[in-house]
Amino acid sequence: VLAGIVLAVVGVVYGASAGKAAVKPAAAPAVAQAVAEEPEIAPVGEALVKVFFAVDSATLAVVDSEGVVVKTVEVLKLQPKAIVLLSGFHDPSGDAAHNAALAKARAEAVRDALVAAGVAPDHIKLRKPETTVGSGSPEEGRRVEVRVQ
């Protein structure tokens, strides 16, 4: 989502500056290349842990942080080459862009807790934010799922 926004802004800037002398930002090709090199990783099996958040919040509670870290580290000891896949969810109500950014911030909060506990950052991957569907509880839309695969 963030890469899409960056590319949209770059497109608007280039379109608005048509016919004017402008300096092209050097980061745009690198961003596009980085996005192209990072394929979406499909989740496998059930989530090891589900972390739930308060409404419109990406703050990870200490209790949740400790539980996520302990369970994830235990599994990583048995599977040291595995990756930790984080999937942030949101419900379909409200502003879609805000919800996607919030789901990503929640996944990043879980990632930060894992990194602080010693999990290697290159072993943690974030999936694109997902919308919950169906008749689940509102809490289901405010979660991050953690998988070790």
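Throughout what follows, the structure given in this document is the object of discussion. (Residues numbered from 1 in each chain as written. Predicted model: local features only at pLDDT ≥ 70, side-chain atom pairs only at ≥ 80, totals over all residues. Heavy atoms only, no water.)

**Overview of the overall build of the protein**
Note the cut-off: The helix and strand labels rest on DSSP assignments: H or I over at least four residues marks a helix, E over at least two residues marks a strand, and numbering proceeds from the N terminus. Only heavy atoms matter for contacts: two residues are in contact if any of them lie within 4.5 Å across the pair. Shrake-Rupley sampling with a 1.4 Å probe provides the accessible areas, and residues are treated as covered by the protein chains on show and by no other component.
When helices and strands are counted, the protein shows 4 helices and 5 strands. Listed by position from the N terminus, the elements making up the protein come as α-α-β-α-β-α-β-β-β. Across the protein, every contact between residues at least 6 apart in sequence was considered, and the portion connecting residues at least 24 apart equals 81%. For the protein, the exposed area adds up to about 8,900 Å²; of that, 63% sits on carbon and sulfur atoms.

**Some points on the environment of Val119**
This is how the line gets drawn: When accessible area is computed with a 1.4 Å probe and restricted to protein chains, residues below 20% of their type maximum are described as buried, those above 50% as exposed, and intermediate ones as partly exposed.
Examined against the element boundaries, Val119 turns out to sit in the loop between helix 4 (96-116) and strand 3 (124-126). Residue Val119 is classed as buried on the basis of its relative accessible area, which comes to 7%. The spatial distance from the C-alpha of Val119 to the C-alpha of Thr72 is 8.9 Å, given a sequence separation of 47 residues. Beyond its immediate stretch of four places on either side in the chain, Val119 contacts Val73, Leu76, Val84, Leu114 and Ile124.

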